[in-house]
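Here is what each chain is made of, one letter per residue.
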Amino acid sequence: MTNPLLVLADHAASWRSRDLPQDVAHHARRALVDWFAALLAGAWREPATLMSAALEDETRGGGGAVCYVSGRRVPVRHAALLNGTASHTVEFDDIYRYAVYHPGCPTIAAALAAAQARGTDMNGLLRALAAGYEVSCRIGLAVQPSHYDFWHTTGTVGTFGAAASVAVLLDCDANRTAHAIATAATMAGGLQQAFRGEGMSKPLHPGHAAEAGALAAMAAAKGMTGALDVLHGPAGFAAATSEDTGKWEKPLANIGKPFAITDMTFKNHGCCGHIFAALDAVRDLHLEHGFRPEEVVSVAVGGYKATKEVCDRPTAQTEQDCRFSTQFTIATMLLHGGVRLVAFTPDRLADPAIRALMGKVTVALDPECAAAFPSKRSAKVAITLKDGRVLSRHQHTRKGDPDAPLSDQDLSDKFLELTSDAVGAAAAKALLAQLWEGSALPGIVPLVAKQARAAE
């Protein structure tokens, strides 16, 4: 068979000089706007702040990349690690639904750090992002859906996105890009169990992927080699993390048809994407029928495997746990009309009204929804009311998916909502304008939220 790694490396290296289509550039900016929104909202929260403190002594020498957690210039790998972690904290990061993967966190974190360190302009960064998204999303397609039984794709496949994008920025030819991807493969990791319970390690997955991918590319640029059959070999990445050695034919044949970065989902809710279809159905039924939360007897949710296995959490307590709880988020939607950052404040987490509604929400595996996964993220919802009515909805897609996309204005509104408290309204508006239209890369953006918390 054709070596998939060599095909992907050749494609990635072509982004050093190929034309950057206007629509691809625009979609790359959309991804960048969305990533910064999630990044700055998470940069003043744990675990990124804890990791920054833990690594304090390692950054005193400075560097050319920006760490948005500490607000300092640091080495590339440090910025990739901390920014990648922060951008996955509040669960508002982008999704490539076909590969069950958040490409922005690892890919943009690594690419931006390398671009800042090298003094690259916005055009160079956008090229690198197109390459990193394409390479990693194609690998993700080849190993899904079985990969997601045990592995967190953002931590595993994200390493390839980081490696490919940084390789482009380091001007690696196809051969050195191949070795960057090969070396990245042996550092890929991220276990599902990390987010099936409590704990802070899930956001570390894309942070580690960004750092490891950047390291792989930096080493390859200097001549380090990797095993070029590591993706499809009998003991390689696909064989170790999926049912077989990978389904490579279709992903490779469809490179750029369309480019993955033009086919992204942008989140409309601040929680796990496996709950979104159910949330959209509940929101729409509530708006259409105008019932009150206290009229609800039960909410039955039918979903695909991950909705049941990952997000059926009827007694969730912590912020992290509640972001993955169908019960908590649906109760929040019914009572407050949205699941945004404020949904996970201490008052909301302990709200007796939310807790009471959670007990009325059940989750089951629906065969039709399961069969459509991962290309369709659907849910079936039935809300039973005290007057005997049963309101039902089969939600075939999610608001924010490519077939129901967020507009540029929606993304701008989301950006300002998530970042204004973190950096101040004026700074947020200035950064947003730069990301949409600027030719230079953003620099340090001081966190006012972090300063306010320190003063308490």
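Here the residue numbers are simple positions, counted from 1 along each chain's written sequence. Two thresholds apply to this predicted model, a pLDDT of at least 70 for residue-level local features and 80 or more for giving and counting side-chain atom pairs, whereas whole-chain, interface and lining totals are computed over all residues. Based on all heavy atoms of the structure, the side-chain values leave hydrogens and waters out of the count.

### Comments concerning the UniProt feature "domain: MmgE/PrpD N-terminal" (unreviewed entry) in the protein
UniProt positions are given in the numbering used here, feature names are shortened, and annotations may be inferred rather than shown by experiment. UniProt feature "domain: MmgE/PrpD N-terminal" (unreviewed entry): in the numbering of this structure it lies at residues 8-244. Secondary structure across residues 8-244 comprises 57% helix and 3% strand; the distance between its end C-alpha atoms is 19 Å. Note on conventions: DSSP H or I runs of at least 4 residues are helices, E runs of at least 2 residues are strands, and numbering of each starts at the N terminus.

### A look at the UniProt feature "domain: MmgE/PrpD C-terminal" (unreviewed entry) in the protein
In the UniProt entry, the feature "domain: MmgE/PrpD C-terminal" (unreviewed entry) is given for residues 269-437. Annotation note: span residues 269-437, helix share 49%, strand share 15%, distance between end C-alpha atoms 26 Å.

### So, the domain arrangement of the protein
Each assigned domain of the protein is listed here: domain 1 (4-266) and domain 2 (275-395). On the domain 2 side, the residues contacting the 18 residues of domain 1 number 17 residues. Once two parts are put together, the accessible area they lose, assessed with a 1.4 Å probe and summed over both, is termed the buried area. Surface buried jointly by domain 1 and domain 2 totals about 1700 Å² across both partners, of which 58% is contributed by carbon and sulfur atoms. Ranking the residues of domain 1 by area buried against domain 2 places Phe92, Arg97 and Arg196 at the top, with a combined share of 28%. Where each domain begins and ends follows an automated or database-derived domain assignment. Contacts are assigned to residue pairs with any non-hydrogen atoms lying within 4.5 Å of each other.

### Concerning the pairing of strand β5 (residues 379-385)
Summary of the burial criterion: residues with accessible area below 20% of their type's maximum are buried, those above 50% are exposed, and those between are partly exposed, where the area comes from a 1.4 Å probe applied to protein chains only. Side-chain alternation along β5 places Ala379, Val381, Ile383 and Leu385 on a buried face and Lys380, Ala382 and Thr384 on a face that remains uncovered. As paired elements, strand β3 (residues 296-303) and β5 share 6 bridges and run antiparallel to each other. Counted as the bridge partner of Val299 is Ile383 from β5. Here a strand pair is declared whenever DSSP counts at least two bridges between the two strands. In the sheet, β5 pairs with strand β6 (residues 390-395) via 6 bridges, with the strands oriented antiparallel. Its bridge partner lying in β6, Lys380 is registered against His394. Where β5 folds back on β6, the antiparallel hairpin that results is connected by 4 residues, among which Gly388 adopts a positive phi of roughly 95 degrees.

### Looking at the nonpolar core
Residues grouped as a nonpolar core are buried Ala, Val, Leu, Ile, Met, Phe, Trp, Tyr and Cys residues, joined through side-chain atoms within 4.5 Å. Counting residues in hydrophobic clusters, the biggest one holds 111 residues, and the most contacted among them are Phe36, Leu40, Leu125, Ile139, Phe160 and Phe415. Listed in part, the 43 residues of the second largest apolar core include Ile330, Leu357, Phe373 and Ile383.

### Details of the packing of helix α8 (residues 158-169) against helix α10 (residues 204-221)
As a packed pair, α8 and α10 sit with axes 7 Å apart at the nearest point and diverge in direction by 40 degrees. In terms of orientation, α8 and α10 fall into the oblique class. The way α8 lies across α10 gives a crossing that is right-handed. Contacts between α8 and α10 involve Gly158, Thr159, Ala162, Ala163, Val166 and Ala167 from the first element and Ala209, Ala210, Ala212, Gly213, Ala214 and Ala217 from the second. Every axis in this analysis is a line fitted to C-alpha atoms, fitted for helices over the stretch in contact. Angles between the N-to-C directions lie between 0 and 180 degrees. Under this scheme an angle from 65 to 115 degrees is roughly perpendicular, one under 35 degrees roughly parallel, and one over 145 degrees roughly antiparallel; angles in between are oblique. Crossing handedness: left-handed means the near helix sits turned counterclockwise from the far one by under a right angle, and right-handed means the same turn made clockwise.

### Some words on the sheet that holds β5
Across the sheet, which stays open at both edges, the 4 strands sit in the order β4-β3-β5-β6 with mixed pairing between neighbours. At either margin of the open sheet sits one strand with a lone partner, and together these are β4 (361-365) and β6. Neighbour-to-neighbour, the strand axes of this sheet turn through a mean angle of 15 degrees, independent of strand direction. Lying over the sheet, helix α13 (residues 276-289) contacts β3, β5 and β6, oriented at roughly 135 degrees with respect to β6.

### Quick notes on the packing of aromatic side chains
Here a Phe, Tyr or Trp ring, Trp counted by its six-membered ring, pairs with any other such ring whose centre lies within 6.5 Å, and the pair is stacked when the planes are under 30 degrees apart, edge-to-face when over 60, and tilted otherwise. Tallied over the entire structure, the rule returns 8 aromatic pairs. A centroid spacing of 5.2 Å and a plane angle of 70 degrees characterise the contact between Tyr96 and Tyr98, whose relative ring orientation is edge-to-face. Classification of Tyr96 as buried rests on a relative accessible area of 4%. Criterion for a charge above a ring: Lys NZ or Arg CZ within 6 Å of the ring centre, and within 35 degrees of the ring normal. The ring of Trp15 carries Arg18 above its face, with NZ or CZ at 4.6 Å from the centroid.

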